[in-house]
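Coordinate inspection notes
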Amino acid sequence: VYSEDKSSVVMMNGELYHFREVRADLDKRGHKFETQTDTEILPHLYEEYGEAMLEHINGMFAFALWDKRKQKLLIARDKFGEKPLYYGVFDGKLIFASEPKVLLANSSVKAKINLDSLRQYLSFDYVPAPNSIYKGISKLPAAHFLTVEKGEIKTRRYWNLTWEKKETKSLESSAEELRELLADAVRMRLVADVPLGILLSGGVDSSTVAAFATQFSTEKVKTFSIGFEEDSFDESKFARQVATHLNTEHYEEKLSVEKAADLISEIGLWLDEPMSDGSLIPTLLLSKFVRKHVTVALGGDGGDEIFAGYPMYFAHKVANIYNGIPGIFRNNLIEPVVNNLPVSNKNLSFDYTAKRFVRASKYDL
């Protein structure tokens, strides 16, 4: 989309959640719009604020803006890096895209492995920005923007988390503030031009998102979950209970060993870089399943990490008790018994949990 005088042009991958409020403010400032899209606020924000436009954006995005007058390119990525952006300079040209496969389609770009990135992958199970697995191709880090002007490329961070201490609040008031923030986050994300659903696992995070969605949606909310034929992995019954409680239009799909084997060969087509995460298989199945019904889906990823939702976090309390047992009993009695427990292939089986626990209890908390 263009600015009014066509002096700047923007293309964006993503969604701006509060674009209507921003647009209303820009209207008051005299800006004229030709479409109803969220992307169109970007060239007008640039006219109004320049690079500081990023302070006025709330969303998940990667966009590129070309300023014809200044012959300047501005590329930006959202605060948490939800939308990807890859770039590199090849034969004196800057090439950028949302996926490395687009860059690799250019004859100037050769698919060579970056050995430093490979080492990072083997350490962290993924390749952290600004590197990518490919030599010469970089990722623009989250909360950064890149400018190209007079042949010079610069990158700069435009936002960071702050950890300043605020006034002490009661648990009740903090809980209410958190509830309001979560409600507002879900409400903003329900604004979509396409059919929308909720990925529901039955856990606290996705269930919270689904609960707020039912409050704000004008239509019956669609929820989706994946089940497993192996009972120890299957959490679909919890998702079903939440869906029944919230009265959503619920859909389920089962992942079998046969389906998993078929999907493994596809994952490489969709992943742009290696990532060591077994949940990629059910995620791909869920995405294919959900796409038959809706175009956009909200999920609760990250909630368990923030709110200590996984059972493993309880181990910290148990470890304090366990380490109070005299070492002679722990080392000569408990650990040998635990380490000789028969192996089970069940999800989070007792032998697996116990062996991990006694091994990790030796480390400082």
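That block above? That's the structure.
Worth saying up front: this structure is predicted, and the values here are computed from it rather than measured.

Rules used in this analysis
Residues numbered from 1 in each chain as written. Predicted model: local features only at pLDDT ≥ 70, side-chain atom pairs only at ≥ 80, totals over all residues. Heavy atoms only, no water. Helix = DSSP H or I, 4+ residues; strand = E, 2+ residues; numbered from the N terminus. Contact = heavy atoms within 4.5 Å. Buried < 20%, exposed > 50% of the residue type's maximum accessible area, 1.4 Å probe, protein only. Lys, Arg positive; Asp, Glu negative; His and termini not counted. Salt bridge = Lys/Arg side-chain N within 4 Å of Asp/Glu carboxyl O. Phe/Tyr/Trp six-rings, centres within 6.5 Å; stacked < 30°, edge-to-face > 60°. Lys NZ or Arg CZ within 6 Å of the ring centre and 35° of its normal. Pairing = 2+ DSSP bridges. Core = buried A, V, L, I, M, F, W, Y, C linked by side-chain atoms within 4.5 Å.

A word on the side chain of serine 206. Note that serine 206 resides in helix H6 (residues 204-216). Not counting residues up to four positions away in its chain, the partners in contact with serine 206 are Ile198, Leu199, Leu200, Ser201 and Gly300.

For the rest of this paragraph, the subject is the side chain of aspartate 205. Structurally, aspartate 205 is set in helix H6. Although aspartate 205 is buried, it makes no salt bridge; arginine 189 carries the closest opposite charge, 14 Å away. Here aspartate 205 is in contact with Gly300, Gly303 and Asp304, once residues within four sequence places are set aside.

A few words now on the packing of aromatic side chains. According to the stated counting rule, one finds 5 aromatic pairs in the structure shown. Plain terms: the ring middles of phenylalanine 61 and phenylalanine 63 are 5.6 Å apart, the flat faces sit at 35° to each other, and that makes the pair tilted. The pair formed by phenylalanine 61 and phenylalanine 63 is uniform in burial state, with each residue classed as buried. Taking the centre distance of 5.3 Å and the plane angle of 70° together, the rings of tyrosine 322 and phenylalanine 357 count as edge-to-face. Residue tyrosine 322 is found in helix H11 (residues 315-322), and its partner phenylalanine 357 is found in helix H13 (residues 350-360); the two are separated by 35 residues along the sequence. Across the pair, phenylalanine 357 and tyrosine 322 agree in class, each one buried. Three or more aromatic residues joined by ring pairs make a cluster, and in this case those are Phe224, Tyr251 and Phe289. The lysine or arginine in question, arginine 330, covers the ring of tyrosine 322, its NZ or CZ lying 5.8 Å from the ring centre.

To continue, consider the sheet that holds strand S6 (residues 138-139). Paired through their backbone hydrogen bonds, the strands of a sheet run either parallel or antiparallel. Reading across from one edge, S5-S4-S6 is the order of the 3 strands in this open sheet, with antiparallel pairing throughout. The strands lining the two open edges of the sheet, one partner per strand, are strand S5 (93-97) and S6. Across 5 bridges, strand S4 (residues 86-90) lies against S5 in antiparallel orientation. In the sheet register, phenylalanine 90 faces S5, and the bridge partner there is lysine 93.

Under the defined criterion, the tally for this structure stands at 16 salt bridges. Residue arginine 69 is joined to aspartate 5 by a salt bridge in which the shortest nitrogen-to-oxygen separation is 2.4 Å. Remark: aspartate 5 occurs in the segment before strand S1 (8-16) and arginine 69 occurs in the loop between strand S2 (59-67) and strand S3 (72-77); sequence separation between them is 64 residues. Relative accessible area serves as the criterion here: at 62%, arginine 69 is assigned to the exposed category. For glutamate 51, the salt bridge is made with lysine 72, and the minimal N-O distance between the two is 2.6 Å. Of this pair, glutamate 51 sits in the loop between helix H2 (41-49) and S2 while lysine 72 sits in strand S3, placing them 21 residues apart in sequence. Salt bridges sharing common partners tie together Asp25, Arg29 and Glu48.

Attention now moves to the nonpolar core. If you look at the biggest cluster of nonpolar residues, it comprises 21 residues, and the most contacted ones within it are Met53, Leu54, Ile57, Phe61 and Phe63. Secondary-structure elements contributing two or more residues to this core are S1, helix H1 (19-28), H2, S2 and S3. Looking at which element gives the most residues to this core, the answer is H2, with 4 residues. Ignoring any residue separated from it by four or fewer positions in sequence, one finds leucine 54 in contact with Phe61, Phe63, Ala76, Phe145 and Tyr158. By size, the runner-up hydrophobic cluster in this structure holds 16 residues, among which are Leu190, Ala210, Val242 and Leu246.

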